[in-house]
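A structural walkthrough
These are the residues of each chain, in order.
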Amino acid sequence: VTLFQPHIALFPSAGMGHLTPFLRLASMLLSHNCKVTLITTKSTVSLAESTCISSFLSTHPEINHIEFQVPPMEPSNSTSDDPFFIQFEATSRSSHLIHPLISSLTPPISAIFSDFVVLSGVNKVASVLGVPNYTVSTTSVKFLSLMAYLPIILTSEYSTKLSDHNCTEIEIPGLTPLPISSFPPPFFNPNHIFTATLVENARALKDCKGILMNSFDFFENETLSAINSLSYLPPILPIGPLQAYELKKDQIQRRYLPWLNNQPEGSVVFVSFGSRTAMSKDQIRELRDGLEKSGYRFLWLLKTKKVDKDDKEDVEDLLSISFIERTKEKGMVLKEWVNQQEILGHPAIGGFVNHCGWNSVMEAAQRGIPMLAWPQHGDQRVNAEVLEKAGLGMWDRTWGWGGQRLVKQGEIQTKVFQLMTDEKLKRSAKKVGEEARKATAGNGGSSTKTILEVIELLKQ
Ligand code: BUP
């Protein structure tokens, strides 16, 4: 008997935050006996993306890889110089062009799993091919519900509200009110490419088959029950936290491992602001002094540029040789790509200072590591609200968006101390970890059941 093997085409968008959940999903689909085609753009914005794609493919030679040449855009007077936003827009505008690349594959495609950012174009391709398109969300359910409502929020009635300084919250049907201070600043400008791209794709949400969320029932319980009753959305399908995939041993650099292995259990603060946060030099110095004054051991992933290829400055120049000397027993500063998931799983890690990129939040959730959230841009303030409510972490709303104001060393020192000593937080974070592992366990976990049901549907 030959069993029908669903063939799923995965189409992520730009940046590690978008690529990572797709690769994790690809690996999961392979383990459930699906055939996978991975569509990536011919050139990527960051070096991390291209390195990651090639090492993933060399570990999984059974994956069919298609490179999609995104046609160059007219040089426009763009509302953003962020290379990731520009790539979002370019990929979004040309996403319908993947049709000839996937229309004659053998076996034929059974479904497309595509990024929210390319949804509108991919829906059209899916409909011509007569297959379902599932959106893979790379953010929290709460932020997704904000994006889904964005076309309505940007109508004139809401725009007036948004520009009224007395208005501090916005109501979205079924959800607890969202503070306006958590709205990504580009949302106040409907012409901003980030906003315009999201609005166009938000309008297409209702036409996809379902939204696969890297989240789990326990973590966003209230939002999940509310959102599933909204008629303008297809089913929301929590399938997370998505699990790390295996890489060949020689592909992983682990300079930090011997150091981490020598640190006492739960003693190290891990500090990382994701793959595309460029912190100012002044802020980096405050963070350096705050960390040192906290007295805790630290592993710090330092970045000064949005795109990794441009990040060339030495750690010593940025932080001073005397700091490196003074803290060499207590701390390690890295300016390279690490295996974050592995670091978070190391017993020495006791707390995580992080920007709240959604992948990082799910990785911390899975391990029950308490977080000090320091959101910088985009969905991150909404994500910080979510993780605080779930009991995974804390944050100080007065720190503002990244770069909005200089957060002083004393404030950082105090919060790091709280992060590492709050026993109640440790217990609630541990509980989150237990629930995350339950959700992804064998056949009985809620997230496992959900993805298996989707695969089953594709076999029919
Ligand atoms: Br940096 C770094 N190693 O050195 P997020 C990141 N990661 O494994 P972002 C590493 O990249 P967006 C490194 O574990 C996570 O899975 C990290 O995604 C991994 O944040 C991913 O956390 C980064 O979502 O993207 O990069 O800021 O802004 O799109 O959320």
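Reading the values: rules and limits
Residues numbered from 1 in each chain as written. Predicted model: local features only at pLDDT ≥ 70, side-chain atom pairs only at ≥ 80, totals over all residues. Heavy atoms only, no water. Near = heavy atom within 4 Å. Polar contact = N/O pair within 3.5 Å; in protein donor to acceptor, adjacent residues only side chain to side chain. Areas by Shrake-Rupley, 256 points an atom, 1.4 Å probe, with all protein chains shown as cover. Helix = DSSP H or I, 4+ residues; strand = E, 2+ residues; numbered from the N terminus. Axes fitted to C-alpha atoms, helices over the stretch in contact; angles between N-to-C directions. Parallel < 35°, antiparallel > 145°, perpendicular 65-115°, else oblique. Contact = heavy atoms within 4.5 Å. Pairing = 2+ DSSP bridges. Buried < 20%, exposed > 50% of the residue type's maximum accessible area, 1.4 Å probe, protein only. Right-handed = clockwise from strand over helix to strand, strands pointing away.

1. Overview of the site of the ligand
The environment of the ligand is made up of 19 residues, and the closest members are Ser275, Val338, His355, Ser360 and Glu363. Within the side chain of His355, one N or O atom sits 2.9 Å away from an oxygen atom of the ligand. Contacts to the ligand include Glu363, whose side-chain N or O atom sits 2.5 Å from an oxygen atom. About the coverage of the ligand: the protein hides 94% of its 620 Å² of free accessible area. Elements supplying a minimum of two residues to the shell around the ligand: α1 (16–31) and α15 (358–367).

2. Digging into the packing of helix α6 (residues 141–153) against helix α8 (residues 193–204)
A pair of packed helices can be characterised by two numbers: the angle between their axes and the separation between those axes. The N-to-C vectors of α6 and α8 enclose an angle of 95 degrees; their axes lie 8 Å apart at closest approach. By the angle between their directions, the pair α6 and α8 is classed as roughly perpendicular. The segment α6 lies against α8, with Met147, Ala148, Leu150 and Pro151 engaging Thr195, Leu198, Val199, Ala202 and Arg203.

3. So, the sheet that holds strand β15 (residues 393–395)
Here six strands make up an open sheet; going across it, the order is β12-β11-β10-β13-β14-β15 and the pairing parallel. The open sheet has two free edges, formed respectively by β12 (331–334) and β15, since each of these has just one partner strand. For this sheet, the mean angle separating the axes of adjacent strands, direction not counted, is 15 degrees. Sheet analysis places strand β11 (residues 297–301) next to β12, joined by four bridges and oriented parallel. Looking at the pairing, Leu301 lines up with Leu334 of β12.

4. Some words on the sheet that holds strand β9 (residues 236–238)
If you trace the seven strands from one edge of the open sheet to the other, you get β3-β2-β1-β4-β5-β8-β9, paired in parallel fashion. The outermost strands of the open sheet, each flanked by one partner alone, are β3 (64–68) and β9. Strand-to-strand twist across the sheet, computed as the mean angle between neighbouring axes with direction ignored, equals 25 degrees. The pairing of strand β2 (residues 35–41) with β3 spans five bridges and is classified as parallel. Bridging from a neighbouring strand, Thr37 pairs with Asn64 of β3. Relative to strand β8 (residues 210–213), α6 is tilted by about 145 degrees, and along the sheet it contacts β5 (133–137), β8 and β9.

5. Things to note about the pairing of β2
The element β2 is largely enclosed, with a buried count of six among its seven residues. In terms of strand pairing, strand β1 (residues 7–11) meets β2 through four bridges, oriented parallel. Within β2, the position partnered with Ala9 by the bridge is Thr37. Running through α1, the crossover from β1 to the neighbouring parallel element β2 is right-handed. Running through helix α2 (residues 47–59), the crossover from β2 to the neighbouring parallel element β3 is right-handed.

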